[in-house]
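Take a look at the letters that make up each chain.
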Amino acid sequence: MAILTAPVQALAAVWSMVVGLRVTITNFFKPQETIHYPRQEVPPSHLDSFRGHIELVGTDEDPAKARCIGCGLCAELCPSFCLKVVAEDLPADPTVSYESHNGADQLMPRPKFKAPPPSQAQPRKLLSYHLVYHTCSLCGLCVQNCPAGSLRFSHDVYLAGASRGRFEFDLMERLRGQAAHGGPKGGKAHA
Amino acid sequence: MSWPAADPCQGLEGDLYARVFAEGARDDTLILNMGPQHPSTHGVLRVLLEMDGEYVMRAEPVLGYIHRMHEHMAQNRAYVQFFPNMGRVDYLHALAWNWAWAGAVEKLAGLEVPRRAEYIRVICTELNRVNSHLLWWGAYLLDLGAVTPIMYAFEDRELVMDMLQLITGSRLTYSSFRFGGVLTDIDTEFVSRCRAFLKRMPERLEMYRELVTGNAILRGRLEGVGVIDQMTARRYGATGPVLRGSGVGYDVRRAEPYGLYHEFDYAVPVHHDCDCMARYMVRMDELEASLSIVAQAIDGLPEGHCIHPDAPRGKWRPPAGEVYFAVEGARGKIGVYLASDGTEIPYRVKLRSPSFSNLSLFAEIGQGTLLSDAVAILGSLDLVIPEIDR
Amino acid sequence: MNGSSLAAVAPELLRLGVGLLALVGFIAANGMLLLYVERKVAGHVQRRPGPFEVGPHGLLQAFADAGKLVGKQLATPAGADGLLFWAAPLMAFMPVPLMFIAIPFGENLFGLQTNLGLVLILSFAGFNVLALCLAGWGSNNKWSLLGAARAVSQAVAYEIPLLLSVLAVALMCGSLDLRQLAGSQGGWPWQWNVAVQPLAFFIYFVCAVAETNRAPFDLAEAESELTAGVHTEYSGMGNGIFFLAEYANMIVVGCVATALFLGGSQGPFAPGPWWFLAKMYLLVTLVIFMRWTYPRVRFDQLLNLNWRWLMPLALVNLLATALAVKLAG
Ligand code: SF4
Ligand code: SF4
């Protein structure tokens, strides 16, 4: 039997190759998918949802002033330790002791003063807000958990730089710059 | 004084530290290091081959080149802070890992997930699975020497990534699940793009069939190669398409249902030939199954919240206890074992990655094959190296 | 040597010298052209533009790459046999112009008129395998060695059906002179040898792809298995010369196929070298398309295909041809 089926199979094999060639040849004549980047860009509808680095959201009255209340929750939640919030200090209450979560306070000498825990009740004045973008994992925890709705993702797709310093942002400054250039006012916190 | 003449190792070679001894290489064989930099080990896997001409006498995978201590990292951070890691364990099916983690913690704390969130999870996890299988398909064909299919696969992947970007904001290492739901809701834009994609795919799959699946060379390369019988697959704990290609219809979505998978009607493709072609066909059929799940989920999308209003936010303390939660990833069963002592950070986390078990099969079935077959077998296991090392 | 014999020899020598020089130029130009065509085909097949940035539509890309290759350091790997290692690319390239010499591009456009043109080409083609062998051995690299071993058995195996299929045509026309072989066919496709000998053409084509180490038979290079096979250790122009030789070999097999099977420079109207080139480039383009379509065959399948299919078929074809010639004659 093999002597009968083998030629048929061989012909089927050759035919399958012709079919494959037909696919590539039809594709050869189809238009290209490439977007020639510096000359063309991806349509903006595909970029809206892009998560760039995070940025501060200005208040409705004054776009140069962030909504942030300086609670420090974002910096505490960030898994990559890439946020630094500097807010005006409130006098610490020495009578209250704040337990640390991992039992380290049993091992460590107790500090005399401790920063109060993040709290919405006591808005503090934000002095500066630093983002070290090169370690950010874009998890969105800071944006999701900000009690004041003061964070969102920017849409800067084409951010590029040759040094680490290029990716370290002072977001307060950025916000002021944006406001001066008539950037987005207030707006949605969640991207 | 002289040393005893007898060889204390009795001709065996090995590692005193790990106390693993085995017969050394023969004199007339060639030792070949495939990897850690080799085009078809897909990353930093190293396979130590003992070759006789083109035949592989022995194959020994060497791991650890990309070990990042994900489990230990989990034990040093709050529960929610571990999400970004999950996308990096398996960058191709990040959302399944997201789900495994979210599911484990939800099971531990008894959190409720709104129906809409469950649907969104199903939709984007299945889209992610399509994405993963498409990339596997392209890369596998690249291993087999066909350069073009991966470009076609990327054409489709691009659309999926655009869609997933709408929900998750990222294109590869997603971390968009949260305890009690998902981070962002899906909008009409997503739904319309998704429908367009679902309409487009059958035609594309037909093209893939013509270009690749039916091709005589490909069939010759895959049929009868790398046969893993049922028992062997079971013995090594293989899961996913590798196991289903060996004729075992085990799918975590069916066997240990989670989420709302029981509400969907889909096939669990099983092929009984146990060879590379069977695994190939399982994945190609799964593409269709996943697309049908997405279609059903899109049509039946319920209204509601995308995250439970009372879901824990930020750092919180789940109750003490231990749980094991498994989901079906593109490569097989993803398991998360989680022990909590009631503090803000997990006490112990163990990740079960499917690629690890699947890879260990290679040492056995790689024996006695040709080098080209070894490449085909390695590819058919669909390994993601970061997942193996974790 | 007296004057009269010099005068008798000189025109022939002159023709040979000029022909060789022109052919080297032709080969180099073709290398550039084919590199460009291959990339463009690959690009368009994969729905992308291919080279685009250097020059209009990337036309100058090949030149830029040639410049880059020439400018690169020639590194000899540690422990390699320097002599063999560097002899290999030269050995791959040197026979190539000699193969072109007997090809009749047109009625009167050829380097050398010889009644053994076909044998000349086939014998010089054999050098390529020696070059790959030396390259593989001289590199002191295990991947290269495996590639060389593959190359040798592949080339040796596929030479036989190639010869047999060519022989069938030669038998039919009773000549080994390519010019005569080409000239014996008419202008229209049904007057070409391919119409009489389709099986021989098919066998020849498959063998030619295998002989030139092109995908799907590119086992000696097999990027995803052997990293780059015999070329793994070559840098700069070493690699460049191998490439040039590969493309030149493609052209040679295309030329031979055109002359033998596709009517050479004959055409339905205005016969001339352009017909020859057009047919040859069409064949070469087909080979390029195949590279971007198919997966690679496995080594044993490659040999099986040869010994179990091509060889018997070629033999049967040859016998049938001989019988037919005898009966008709
Ligand atoms: S969480 Fe929001 S309000 Fe608190 S410090 Fe961060 S940005 Fe400011
Ligand atoms: S997105 Fe995640 S990693 Fe990035 S700054 Fe916010 S919390 Fe940190």
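Right above here is the structure, for reference.
Remember, predicted model here, so these are calculated numbers, not experimental data.

Residues and elements named next belong to chain B. Pairing of strand β3 (residues 30–34) with strand β4 (residues 46–52), which is carried by five bridges, proceeds in the antiparallel orientation. By the bridge assignment for β4, asparagine 33 is matched with leucine 48. The antiparallel hairpin formed by β4 and strand β5 (residues 55–62) contains two residues in its connecting segment, where glycine 53 sits at a positive phi of about 65 degrees.

Residues and elements named next belong to chain A. Overall, antiparallel pairing links the three strands, which are arranged β2-β3-β5 in an open sheet. Bordering the open sheet on either side are β2 (83–87) and β5 (168–170), each of which pairs with just one other strand. Neighbour-to-neighbour, the strand axes of the sheet open up by a mean angle of 10 degrees, direction not taken into account. Packed onto the sheet, helix α5 (residues 171–180) meets β3 (126–132) and β5 and runs at close to 100 degrees relative to β3.

Before going further, it helps to examine empty space enclosed by the protein. Residue and element names in this part refer to chain C. For the structure on display, the rule yields eleven cavities of 30 Å³ or more. A volume near 220 Å³ is recorded for the largest cavity. Every residue lining the largest cavity is counted, 20 residues in all, and those nearest its centre are Ala125, Glu211, Thr212, Asn249 and Val253. When contributions to the lining of the largest cavity are tallied by element, the ones reaching two or more residues are α5 (117–125), α6 (127–138), α7 (142–173), α10 (198–211) and α12 (236–261). A breakdown of the residues in the lining of the largest cavity according to their chemical character gives 13 nonpolar, five polar and two charged. Taken as a whole, the second largest cavity encloses approximately 130 Å³ of empty space. Lining the second largest cavity are 13 residues, with Asn128, Leu132, Asn213, His231 and Glu246 sitting closest to its centre. Broken down by secondary-structure element, the contributors of at least two residues to the lining of the second largest cavity are α6 and α12.

Turning to the pairing of strand β8 (residues 321–328) of chain B, a few remarks are in order. Residues and elements named next belong to chain B. With eight bridges connecting them, β8 and strand β9 (residues 333–340) associate as antiparallel partners. By the bridge assignment for β9, glycine 321 is matched with serine 340. Taken together, β8 and the strand that follows it, β9, pair antiparallel across an intervening segment of four residues, in which glycine 332 is found at a positive phi of about 145 degrees.

Attention shifts here to the interface of chain C and chain B. When the parts of a complex come together, some accessible area is lost, and that lost area is often used as the size of the interface. At the junction of the two partners, chain C supplies 23 residues and chain B supplies 34 residues. Summed over both partners, the interface of chain C with chain B comes to about 2500 Å²; 60% of that surface belongs to carbon and sulfur atoms. Counting across the chain C and chain B interface gives three salt bridges. Note that B:Glu54 and C:Arg150 form a salt bridge whose closest N and O atoms lie 2.5 Å from each other. Inspection of the region where chain C meets chain B yields eleven residue pairs in polar contact (both at pLDDT 80 or more). Among the secondary structure elements, those contributing two or more residues to the side of chain C that touches chain B are α7, α11 (223–226) and α14 (299–328) of chain C. In terms of residue class, the side of chain C that touches chain B is made up of nine nonpolar, five polar and nine charged.

Here we come to the sheet that holds β3(B). Taking strand neighbours across the sheet as the criterion, the three strands line up as β3-β4-β5 (chain B) in an open arrangement whose pairing is antiparallel. A single partner strand is all that each edge strand has here, and the edge strands are β3 and β5 of chain B. Strand-to-strand, the axes of this sheet are offset by a mean angle of 20 degrees, without reference to chain direction. Across the face of the sheet, α7(C) comes into contact with β3 and β4 of chain B while running at roughly 110 degrees to β3(B).

Every residue lining ligand 2 is accounted for by A:Cys78, A:Pro79, A:Ser80, A:Cys82, A:Leu83, A:Cys136, A:Ser137, A:Leu138, A:Cys139, A:Gly140 and A:Cys142. Taken together, the residues of the shell around ligand 2 break down into eight nonpolar, three polar and no charged.

Listed per partner, the contact involves 33 residues of chain B and 30 residues of chain A. For the chain B and chain A pair, buried surface summed over both sides reaches about 2800 Å², with 50% attributable to carbon and sulfur atoms. Between chain B and chain A we count one salt bridge in total. Note that B:Glu210 and A:Arg22 form a salt bridge whose closest N and O atoms lie 3.4 Å from each other. Those elements that place two or more of their residues in the side of chain B that touches chain A are α2 (83–89), α5 (149–168), α6 (188–213) and α7 (216–222) of chain B. With six residues, the single largest contributor to the side of chain B that touches chain A is α5(B). Counted by class, the side of chain B that touches chain A contains eleven nonpolar, eleven polar and eleven charged residues.

Procedures and definitions
- Residues numbered from 1 in each chain as written.
- Chains lettered and ligands numbered in written order.
- Predicted model: local features only at pLDDT ≥ 70, side-chain atom pairs only at ≥ 80, totals over all residues.
- Heavy atoms only, no water.
- Pairing = 2+ DSSP bridges.
- Helix = DSSP H or I, 4+ residues; strand = E, 2+ residues; numbered from the N terminus.
- Axes fitted to C-alpha atoms, helices over the stretch in contact; angles between N-to-C directions.
- Contact = heavy atoms within 4.5 Å.
- 1 Å grid on protein atoms, 1.4 Å probe; cavity = no way out; pocket = protein on both sides within 12 Å on 5 of 7 lines; lining within 4 Å.
- Points joined across faces, edges and corners; volume = space filled by probe spheres on them.
- Nonpolar A, V, L, I, M, F, W, Y, C, P; charged D, E, K, R; others polar.
- Buried area = accessible area lost by both parts, 1.4 Å probe.
- Salt bridge = Lys/Arg side-chain N within 4 Å of Asp/Glu carboxyl O.
- Polar contact = N/O pair within 3.5 Å; in protein donor to acceptor, adjacent residues only side chain to side chain.
- Near = heavy atom within 4 Å.

Such coordinate-based values are descriptive only and should not be taken to indicate function.
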